[in-house]
Amino acid sequence: MNKFFTLLAPVIFAFTAHAQTTPTIMPFGKIDNADLEMTKCDFEPDANAEVLFNKGDVYYDGVFTIQGEYHKRIKIFNDNGKDEANIRIEYYGGNRLEYVNDIQAETINIVNGKPEITKLDKKLIYTQNIDKVRSAIVFSMPNVKAGSVIEYKYKYHTESISNFPSWDFQQKIPVRYSELDTAIPDLLYFREISHIWQSYFKSEHSSEPRSTGGGGNALTYNEEKRKRILVNIPSLHDEPYMSSYADNLMSLHFNLTSIKSSYGFMKSYSDTWAKVGGIIADDEDFGGQLKRKLTGEELIINKAKALKTDDEKIAFVFNQVKNAMKWDGIDRWYTTDGTYRAWEKKTGNSAEVNLILYHLLKQSGVKAYPMIVSTREHGRVDGYNTSLSQFNRAVVYVPVDTVKEYILDATGKYNLYNETPDVLLNSSGLYIDKATDQYDIVFITKEAPVRQVVIVTADILPESKITGTADISSFSYNKINSTQRYKTDGEKKYTDFIRDNDNNLKISSIKMNNLEIDTLPLTQNITFNLELTGSDGTYIYFNPNLFTTMRTNPFLSENRATDIDFGYLNRYELMGNYKMPAGYKAEALPKNVRIIMPDQSISFKRFVAEQDGYISVRYVIDHNKAHYAKDDYAEVRQFYKQMHEMLNEQIVLKKI
């Protein structure tokens, strides 16, 4: 079967250095010396490399096979840009669903004022078989140095009438010119999914009559041609709390919805999710693995059946699989080696690990369903685009009751059975109930805020030092993240992380509790002392914002190109009780305040008081919204600026 309905294809074209106002196209091997001599990108001067042009021409041939012709040219400005010369073209080569051929590539350098061309030896072009359905063409451009221009072109083919490739206008380096030309028969109706927020430099449409066959078998139709051009496209960089690269990229996707028959009737082509679910339920590499017996499974199943509650069974089986299986780091919704062989090797991709988990849960009497999902890095699932290419991982769905559900993923060694992995949140999953032919989309979210509570009890000493303890309670993802960091990095590196690179903060001991108990929060008891270097003999200055991970503002940039994705709602609480040294009084205390975002989605409260020789503080930060469009960045940035100014305000004590 065809496991994928769409292909993301890198694509390409070119124009001269004068193209900022009137772009023109130059053929393969022909170049303006101005492009060879240029030393920086006009609209992004700090870029290490720039796509000079990127052109794709995609059309249906006379037998309705999709053909694509792509050409890309890149300028390398410095040594840091030389990685752009390592080319990788991925496609779905399984069962020859797609194939790539007629590859040409060359590097152009300027020598004695003239272009010097070094062609790529075709013997150095390799085909990598990623798995049973995915392949990649891989090669490195020759003779690349700072100042080089590289270019390559190739042809793409697919037999699938619906497999119209997507187009990325934007990339990780700036793009001077990007053009997509399409020619689609009006017999085929595509829904275009556009992620474009920059105005087209040019957008043209034309229609030409076409016919196929002869005599009574002739088929006549109009070929709808579209030309879309964007120029001066900024690079897309990683930003703090960025959702997936794919979700933020300026791109265009095509989803076939219907086909006009020769009798003038319309046939719906767009699959329902129920139809898609039925297809993968019958797929040997997914549904065919669900009942496959595993060696020695009876021992786990019998122990699970002996437990009283479903939660106990789920926790037991989940931890058995999580601890026994090693995830190979590959995300697929389908198996490669199959569950039986993966269980034997104790290693598998995400589908193999989690379909093993599903099978053992089902055999243990737990109501569970296999589910396919998309990780945050892979991108959010569009519910209107019924394409399997949107998914990249299989997990297990357990609807406990009308208000509680578990989504289990045993690929992460620090995942908990009762917490949906945060990389799956705010997207959708398709669950498969093959027994009753029920297949449906479920939106994956976490309603309750994730809490982190810090309680500091300390003495302020007259020699400008604070000594005391901090008790940190980490719930949900805060527990998962802290546990993973502690076990992966070791106590010393973890202690450095807790100190937040503050050399004046010394931690003498740290005790971790409930590391292995899934149902309880992680508690950390820390003994510390803090040197107050800004103090003198008369004044003591200190900032009570300790152990909160909220000391640095992540939103300093004036502009932002991507949406903000916090992942989940959260609540930070800091409570401190500081005993003042004898002979000192509070000279200046931060005011009690409450600030809130205009849409009330984030709030910050601060309470500071002095009583009976103690200073009490309480800070509370509530995030009641997980996702913000980039258009909302100005408000988020302003709020964070104000909040961090308040978080960093100091308490001042004066010697009497």
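Residues numbered from 1 in each chain as written. Predicted model: local features only at pLDDT ≥ 70, side-chain atom pairs only at ≥ 80, totals over all residues. Heavy atoms only, no water.

> Any details on the sheet that holds strand β6 (residues 114-119)? Residues and values, ideally.
Pairing is mixed across the open sheet formed by eight strands, whose spatial order is β6-β5-β9-β3-β2-β11-β14-β13. Strands at the two margins of the open sheet, each flanked by one partner only, are β6 and β13 (202-212). Taking each pair of neighbouring strands and ignoring which way they run, the sheet shows an average axis angle of 15°. Alignment of β13 against strand β14 (residues 219-233), held across eleven bridges, turns out to be antiparallel. Of the residues in β14, the one forming a bridge with T212 is L219. (Pairing = 2+ DSSP bridges. Helix = DSSP H or I, 4+ residues; strand = E, 2+ residues; numbered from the N terminus. Axes fitted to C-alpha atoms, helices over the stretch in contact; angles between N-to-C directions.)

> Residues and numbers for the packing of helix α4 (residues 297-305) against helix α5 (residues 310-324), please.
One can describe the packing of α4 onto α5 by two numbers: an axis separation of 9 Å at closest approach and a directional angle of 155°. Taken as axis vectors, α4 and α5 run roughly antiparallel relative to one another. Viewed along their axes, α4 and α5 form a crossing whose handedness is right-handed. When α4 is examined against α5, the residues I300, K303, A304 and K305 are found in contact with a partner set consisting of K313, F316, V317 and Q320. (Parallel < 35°, antiparallel > 145°, perpendicular 65-115°, else oblique. Left-handed = near helix turned anticlockwise from the far one by under 90°. Contact = heavy atoms within 4.5 Å.)

> Residue-level account of the nonpolar core, with values.
Formed by 52 residues in total, the largest nonpolar core has its most connected members in F528, F547 and L653. Here L653 is in contact with I460, T538, Y539, I540, F542, M580, P581, Y584, K585, A586, E587 and I615, once residues within four sequence places are set aside. (Core = buried A, V, L, I, M, F, W, Y, C linked by side-chain atoms within 4.5 Å. Buried < 20%, exposed > 50% of the residue type's maximum accessible area, 1.4 Å probe, protein only.)

> Please set out the packing of α5 against helix α7 (residues 350-363) residue by residue, giving values where relevant.
Orientation of α5 relative to α7, taken along the N-to-C sense of each, is 145°, at an axis distance of 10 Å. The handedness of the crossing between α5 and α7 is right-handed. Two secondary-structure elements touch here, α5 through K313, I314, V317, F318 and V321 and α7 through V353, I356, L357, L360 and L361. Split by residue class, the contact of α5 with α7 holds nine nonpolar, no polar and one charged. (Nonpolar A, V, L, I, M, F, W, Y, C, P; charged D, E, K, R; others polar.)

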